[in-house]
Amino acid sequence: ELKVEQNPLFLSMQEGKNYTIYCNYSTTSDRLYWYRQDPGKSLESLFVLLSNGAVKQEGRLMASLDTKARLSTLHITAAVHDLSATYFCAAYYGGSQGNLIFGKGTKLSVKP
Amino acid sequence: EPEVTQTPSHQVTQMGQEVILRCVPISNHLYFYWYRQILGQKVEFLVSFYNNEISEKSEIFDDQFSVERPDGSNFTLKIRSTKLEDSAMYFCASTSLAGLNNEQFFGPGTRLTVL
């Protein structure tokens, strides 16, 4: 059974600081996704990571995937208040019609 | 930009009543999913649907749940006899066959409150 663990679950940061969110998964998965969720809103796709060593960057966020370690990271550079949200990682489970197994989410609060 | 839509945005119902949650996936997508998120918790997979039949379902998706694609555009989730613990946000998602990444696009969700 595929399990996805995220840490930390809560993160309070000062603006301008850097931090990393970690996502570990328990069994082989060849795809890893990062989503952002604002309070009361839906899930916004941030990154899709498809292979070992994949690195993607968008603005102040950078995601990476190490399939051997079964680890993905979401790195935040010089945080700004607008990044405050809950971030979920999700590992792909199953064949071509597979579903996503989500972590518990990391609630990020960026303070001025 | 095409998007997944869901109706209603909020549904309040009495315990034991039937509810139907509706979704319109992105038009050229072929795979459809329902997930739920209990307040403050993680997103949980319920069911996947392809070619007019269920592909996979989780333990949560018991006999009280059913899904249907009644026409070429809608995808519905029915809960036959709602329980208090069914109160959650229900998200529909869809993805296309083409492309390796099978990125799932989520709708805005329906908040179900069972009283």
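Attention in this report is confined to the structure presented alongside it. Everything quoted here is computed from the prediction, not taken from an experiment.

All names here are of chain A. Side chains Thr106, Leu108 and Val110 project from strand S11 (residues 106-111) onto a buried face, and the interleaved Lys107, Ser109 and Lys111 project onto a face without burial. Note that strand S2 (residues 10-14) and S11 share five bridges and pair parallel. Looking at S11, one finds that phenylalanine 10 is bridged to lysine 107. Examined bridge by bridge, strand S9 (residues 85-93) and S11 share three bridges and lie antiparallel to one another. By the bridge assignment, alanine 85 is partnered in S11 with leucine 108.

As a further point, take the sheet that holds strand S8 (residues 75-79) of chain B. Residue and element names in this part refer to chain B. What the four strands build is an open sheet, ordered S1-S3-S8-S7; its pairing is antiparallel. What marks the edges here is a single partner per strand, and that holds for strand S1 (5-7) and strand S7 (65-68). For this sheet, the mean inter-axis angle between neighbouring strands, taken without regard to orientation, is 20°.

Glancing now at the pattern of salt bridges. In this structure the tally under the stated criterion is two salt bridges over all chains. Residue Asp38(A) is joined to Arg36(A) by a salt bridge in which the shortest nitrogen-to-oxygen separation is 2.9 Å. Residue classification places Asp38(A) among the partly exposed residues on the basis of a relative accessible area of 25%. A relative accessible area of 14% means that Arg36(A) is categorised as buried. The residue Glu44(B) makes a salt bridge to Arg36(B) at a minimum N-O spacing of 3.2 Å.

Cut-off values and rules
Residues numbered from 1 in each chain as written. Chains lettered and ligands numbered in written order. Predicted model: local features only at pLDDT ≥ 70, side-chain atom pairs only at ≥ 80, totals over all residues. Heavy atoms only, no water. Buried < 20%, exposed > 50% of the residue type's maximum accessible area, 1.4 Å probe, protein only. Helix = DSSP H or I, 4+ residues; strand = E, 2+ residues; numbered from the N terminus. Pairing = 2+ DSSP bridges. Axes fitted to C-alpha atoms, helices over the stretch in contact; angles between N-to-C directions. Salt bridge = Lys/Arg side-chain N within 4 Å of Asp/Glu carboxyl O.

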